[in-house]
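Architecture and fold: a report
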Amino acid sequence: MNFTLRVWRQAGPGTPGKMVEYKATGISPEASFLEMMDVVNEQLTLKGEEPIAFDHDCREGICGSCAMMIDGMAHGPNKGTATCQLHMRSFADGATILVEPWRVRAFPVVKDLCVDRSALDRIIAAGGFITAATGGARDANDILVPKVAADLAMDAAACIGCGACAAACPNGSASLFTAAKITHLAELPQGQPERFRRVIAMVAHHDAEGFGGCTFHGECQIACPKEISIDTIAHMNRDYMSATAASREEKAAGGTG
Amino acid sequence: MELRARVPDGPIEKKWDKHRFEMKLVNPANKRKFTIIVVGSGLAGGSGAATLAELGYNVKCFCFQDSPRRAHSIAAQGGINAAKNYQNDGDSVYRLFYDTVKGGDFRSREANVYRLAQLSVNIIDQCVAQGVPFAREYGGLLANRSFGGAQVSRTFYARGQTGQQLLLGAYQALERQIGKGTVRMYPRTEMLDLVVIDGVARGIVTRNLITGAIESHTADAVVLGTGGYGNVFYLSTNAKGSNATAIWRAYKRGAAFANPCYTQIHPTCIPKSGEYQSKLTLMSESLRNDGRVWVPLAKGDKRPPNQIPGAERDYYLERMYPSFGNLAPRDIASRAAKRVCDEGRGVGPTGLGVYLDFASAIQRLGVEAIRERYGNLFEMYQRITDENPYVVPMRIYPAVHYTMGGLWVDYNLMSTIPGLHVVGEANFSDHGANRLGASALMQGLADGYYIISNTIADYLASGKLPPVDATHPAFREAEAQIASRTTRFLSIRGTRTVDSFHRELGNIMWEYCGMSRNEEGLETALQLIPKLREEFWRDVNVPGSADTLNQALEKAGRVADFLELGELICLDALERRESCGGHFREEYQTPDGEALRDDEHFAYVAAWEYAGQGRRPILNKEPLDFEYVHLAQRSYK
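Quick caveat: nothing in here was measured; it's all calculated off a predicted structure.

Below, the discussion takes up the interface of chain B and chain A. Contact residues are listed per partner, giving 77 residues for chain B and 74 residues for chain A. Regarding the contact of chain B and chain A, the summed buried area is about 6100 Å², with carbon and sulfur atoms giving 51% of it. Together, Arg70, Tyr276 and Arg383 of chain B form the three largest contributors to the area buried by chain B at its contact with chain A, with a combined 12%. A salt bridge links glutamate 372 of chain B to lysine 147 of chain A, with the shortest nitrogen-to-oxygen separation between them at 2.8 Å. Of all the secondary structure elements, the ones that give two or more residues to the side of chain B that touches chain A are helix H3 (43-55), helix H5 (110-130), helix H6 (162-180), helix H11 (367-385), helix H12 (440-462), strand E18 (496-497) and helix H14 (498-513) of chain B. Tallied by class, the residues present in the side of chain B that touches chain A amount to 27 nonpolar, 30 polar and 20 charged.

Below you can see the structure in the form of C-alpha cells.
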C-alpha cells in the first residue's frame, strides 16, 4: 500500500512548526501505524534527514505512550484502539493522512509529535491514590468487594493515561482522565476514607494545570482507547458536589501525644 | 571475585525472620540524611522507591519514559501468584516454593525462593489495601485462576491487565511520595553509567533525553530496577524501549552478570507477519486454562482448521504431558511447539504457528463465560490479526519474553559492588533457568515493597561513607566517556540505520541462541557478533545532534550495549554444557527430547566478571545446594 503523509514537524518547544509531506510506499496492510512510521523514519535516516520523533513503547495498547492525532482524530479512526494498535488495513490505499501531536494547552510540544503530559502525573500526585503504607495491610479477603463494584472500578482503572481525552476535547479538558481515577477508587471500600478529600484535590489540580472544564461534548469517550465512559465524569461531579457540601475542616492536632 | 551469597543459617522457614532481626537499622531521624537512587519505575523500582520514601529516605527515581506509569511491567497480562490457599486446593507457602524451584529446573537459590513464596501472601494484602481492582467472586471474595507449571489455583488477576493494575498501585504510591516531596522524579532521563568510588557505588550519570544534558547524581546507595534484556533478540514481547544499558554499564564497572543465557521463550505469542515487524505481542498464558493447543496430524495439511476433523488433529501437549496438558510450563510448551513446526506440521502462512482453540470451552461454558474471562485478550488478538478467535482458533508461536539471568545479587539483593542493589527482572535471583507464569509480578513487588526496604538499612548502617559530590574525578571521568561516545555515534554517518543492526543481531541470537542451542551454532554466533559490532561502529548512521530529543541516538547507545551483551549470552550458553529450563542444548537431551541436566557439573550460578575491553570475561561460580527440594528430572507427564 502507498500513502501520502502530512506530518507536523517542530524542532523544539519554543520554535514554530509546520506540516511536511512524506511518501510511505510499499507498506504491508498488516503493518501497524507505528511500523509504517518506522519505515518512513528508516528512509529519512538513509537520506540524511532527521527522523520524525514520536512517543511509543509497548506497542500493544497498554503503556499509553503513543499519542497521534490522525486525520483530526485522537488515535485515528478505529474505536477503542491506541495508535500502536491501528493497522494500515484500516486506511484506503493511496490515502493522504494527516498526523499531528496532541494539541492541548497543558501538553506543550516537546518535539514533532512528542508532547509533555506530566500534568497528568501531577493530578495523580495531588490525590489519585489510597494512602496505604507498605506493611500494615490486613488480609486481602477481609475486605469484601461486591463483584459489580470491582468490575466498575476495573472499567475505570483501565485508563492508560495517554491524554487522548484531552486531545479530543474542544475545551482541552482532562476530565475523563481525572474522573476515571476518582471513580476507580471511589467504587471500592478501601477508597472511602479519602473519597471527598481526593475529589477536591484532584479537580483543583486539574484546573490549575490549565486544562479546560467539561461541558459534556462526549468526544473524550469516543477517542478513549479503553472506551472509558463519560459516566465517570457524572460520578466525579456528584462526588465533588457532595464533597464541597459535606466538607469538614481538617485539624492537624488529632492523635498526637 | 568472591561471591558471598550471605544466606542466613537456620531452617528455611525461619531464615528471613531471623535475618530481619539480625540486620542493622537506621534511626528514623537519620533516614532523611541518606540519599538513595532508584533507576526504573516498574513494579520493583516503583514500589521500592515509594516504600523507601515512606520510610523516610531521600529518594531520587529515574525512568526513560515520559512518566513512571509507563514502565514495561504495565504490559503483564495474566496474573500474580500468592500462596493464600483461598481455594482450599492444597496450596501452601511450601508448595509455591517447591513449584518455583522445580519450575526453575533447580538452578535458583532455595533461600531466596522460599522468602519469595512467604512474601507473596503480603503482596496481595498490600495491593488490595491500595485499591488494586482484582477479580472478585459474587460474594465479594477474591477470585483465582490456574497458571502453567502448577496444579493449584493461586493466581490473582485483574482481567488480562494484572500488570497494569499492580503497576498503577505502585505508581500511585510513588506519586503520593512525589507530591509530598520525598521522592524527586526524573522522567525522560536515562542512566548511562554507574559511578564507583573506592569500590563502592556512589551515584550515576544520566542523560536528559529532552535537552541532552549529561548530569551526575550522587547517592549513598543505588538500586537498579531496570528490567530484562530480552530486546537483545530485537523481536520480543518487551516494550521497544526496554534495554540493558543500566545493568550492562554496571557490569562493566564490576558487577557480576549471572546466567545470561537463561532466556524465556513464551509459548503463546501472535506469530510474526513480515519484515517490518517491530515487536511481538503476547497472548496471556491464562488462555491455556481453556484453550487447547493443536496442529494437524499430517504434514503440510493446508485445510482451514474447521475442516480438519478431530481424529486428524494432534493435541500434542495433552498427548505428551497428560497430567499438566495445556498447562505445561513455558519452556516445555515452547519447545513442543517448535518441534511440531520443525516436523512440517505448523499452521498459518509461514508454517510457524500452532492453533490455540477455544471451541470446546465455548461449547462447555458458553460464549459469555469465555468473554468474561478473556474478552479483552480476544479483542486484542482480533485487532492485530483481523481474525475472530471466538470462531477461528488463534494462531500462536513462541517468542522471547523474559530473561531469568541478570546481575548477580546476594540474599540482600546487593550486587558484587557494595551499595549497588538490583531488584526485579534486572537481577537473577529467583527463577533459576525458567520462570513460572505469574511469578514475575510477585518477584518485582516482593523485591520492592518488602526486601530492599529492609536490607538497604543494613548496608547503610554498617559503614560510614565519606561525603562525595559530583565534582569528584570519577564522575568527571564517566561524564567525559559518555560525551566522547556520543560524539563518536554522531560522527560516523555511515550507510546503515541503528535498527538494521539491531534486527541483524536479533536474527543471529534467535537462530543460534534461541529455543534450542548447540556448540557449533554458538561458536558461529561468537564469530558473527564481534564482526557485526565492528561494522556497527564503522557504518552506523545516527542522524541529528546531541543537545535535543534524539531517539536514534538513544537507540544507538542501547544497541551498542546489546552488541556486547549478545556475545556474553552466547558464551554463557556455550559454557553451560547441559540443558536446563529455557536453556536447551541439543547435545544434552533425554531419549524423548526433554532437557537433560548435569547436576554433578553444572549445579551452579555462572557469574561473569568483566575483565576489560577485548578480554574474555572471567567465569565465577556460586554452587547451588538443594537441602529441601530434591534434585530430580522435572516431569510434567
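We are not done yet, so read on.
The next thing to look at is H5 of chain B. All names here are of chain B. Counted at 1.5 Å a residue, the expected span for H5 with its 21 residues is 30 Å, and the 30 Å between its end C-alpha atoms agrees. Of all bends in H5, the biggest is about 30°, found at leucine 119. For H5, a buried count of 18 out of 21 residues is recorded, marking the element as mostly surrounded by other parts of the structure. Phi turns positive, to about 95°, at glycine 131, one or two residues after H5.

Residues and elements named next belong to chain B. What the domain assignment reports for chain B is domain 1 (266-399) and domain 2 (473-598). For domain 1 versus domain 2, the distance between C-alpha centres works out to 31 Å. On the side of domain 2, 11 residues touch domain 1, which itself brings 10 residues to the contact. In total, about 830 Å² of surface goes out of reach between domain 1 and domain 2, with carbon and sulfur atoms giving 52% of it. Three residues stand out in domain 1 for area buried against domain 2, namely Arg335, Lys338 and Arg339, and they jointly supply 50% of the buried area on that side. At the boundary of domain 1 and domain 2, one finds 0 salt bridges. Linking domain 1 to domain 2 there are 3 residue pairs in polar contact (both at pLDDT 80 or more). Per-element tally for the side of domain 1 that touches domain 2: the top contributor is helix H9 (residues 330-342), with 6 residues. For the side of domain 1 that touches domain 2, the residue count by class is 4 nonpolar, 1 polar and 5 charged.

Our next topic: the sheet that holds strand E5 (residues 183-186) of chain B. Residue and element names in this part refer to chain B. Taken in spatial order, the 5 strands make up an open sheet running E5-E2-E1-E9-E17, and their pairing is parallel. With partners counted over all chains shown, the strands left at the sheet margins are E5 and strand E17 (420-422), one partner each. Geometrically, the sheet is characterised by an average inter-axis angle of 20° between neighbouring strands, direction not taken into account. Pairing of strand E1 (residues 35-39) with strand E2 (residues 58-62) involves 5 bridges; the strand directions are parallel. Bridge pairing in E2 places isoleucine 36 opposite valine 59. Packed onto the sheet, H12 meets E1, strand E9 (221-224) and E17 and runs at close to 150° relative to E9.

The next subject is the nonpolar core. Within the largest apolar cluster, 235 residues are counted, with the highest numbers of intra-cluster contacts made by Phe211 of chain A together with Tyr57, Ile80, Phe134, Leu224, Tyr316 and Phe536 of chain B. Ranked by the residues each element gives to this core, the list is headed by helix H16 (residues 551-575) of chain B, at 14 residues. Sequence-distant contacts of tyrosine 57 of chain B, defined by excluding residues within four places in its chain, comprise Val26, Lys31, Phe34, Ile36, Leu52, Thr182, Ile456, Ala457 and Leu460 of chain B. Ala24, Ile27, Met37 and Ala95 of chain A belong to the second largest nonpolar core, which has 29 residues in total.

All names here are of chain B. Applying the stated criterion to the full structure yields 29 aromatic pairs over all chains. Seen from their ring centres, phenylalanine 97 and tyrosine 114 are 5.1 Å apart, and the 70° between their planes marks the pair as edge-to-face. Highlighted residues: phenylalanine 97 in helix H4 (residues 93-103) and tyrosine 114 in helix H5, separated in sequence by 17 residues. Like tyrosine 114, phenylalanine 97 is buried. Relative to phenylalanine 378, the ring of phenylalanine 358 has its centre 4.8 Å away and its plane inclined at 65°; by these criteria the two rings are edge-to-face.

This brings us to the packing of helix H13 (residues 473-492) of chain B against H16 of chain B. Residues and elements named next belong to chain B. Viewed as axis vectors pointing N to C, H13 and H16 meet at an angle of 105°, and their least axial separation amounts to 11 Å. Taken together, the axis directions place H13 and H16 in an arrangement best described as roughly perpendicular. Side by side, H13 and H16 meet where Arg485, Thr486, Phe489 and Leu490 of the first sit next to Leu553, Ala556, Gly557, Ala560 and Asp561 of the second. When grouped by side-chain class, the residues that make up the contact of H13 with H16 number 5 nonpolar, 2 polar and 2 charged.

Quick notes on the rules
Residues numbered from 1 in each chain as written. Chains lettered and ligands numbered in written order. Predicted model: local features only at pLDDT ≥ 70, side-chain atom pairs only at ≥ 80, totals over all residues. Heavy atoms only, no water. Contact = heavy atoms within 4.5 Å. Buried area = accessible area lost by both parts, 1.4 Å probe. Salt bridge = Lys/Arg side-chain N within 4 Å of Asp/Glu carboxyl O. Helix = DSSP H or I, 4+ residues; strand = E, 2+ residues; numbered from the N terminus. Nonpolar A, V, L, I, M, F, W, Y, C, P; charged D, E, K, R; others polar. Expected span 1.5 Å × (residues − 1). Bend = angle between axes of the 7 residues up to and from the residue. Buried < 20%, exposed > 50% of the residue type's maximum accessible area, 1.4 Å probe, protein only. Domains from an automatic or database assignment. Polar contact = N/O pair within 3.5 Å; in protein donor to acceptor, adjacent residues only side chain to side chain. Pairing = 2+ DSSP bridges. Axes fitted to C-alpha atoms, helices over the stretch in contact; angles between N-to-C directions. Core = buried A, V, L, I, M, F, W, Y, C linked by side-chain atoms within 4.5 Å. Phe/Tyr/Trp six-rings, centres within 6.5 Å; stacked < 30°, edge-to-face > 60°. Parallel < 35°, antiparallel > 145°, perpendicular 65-115°, else oblique.

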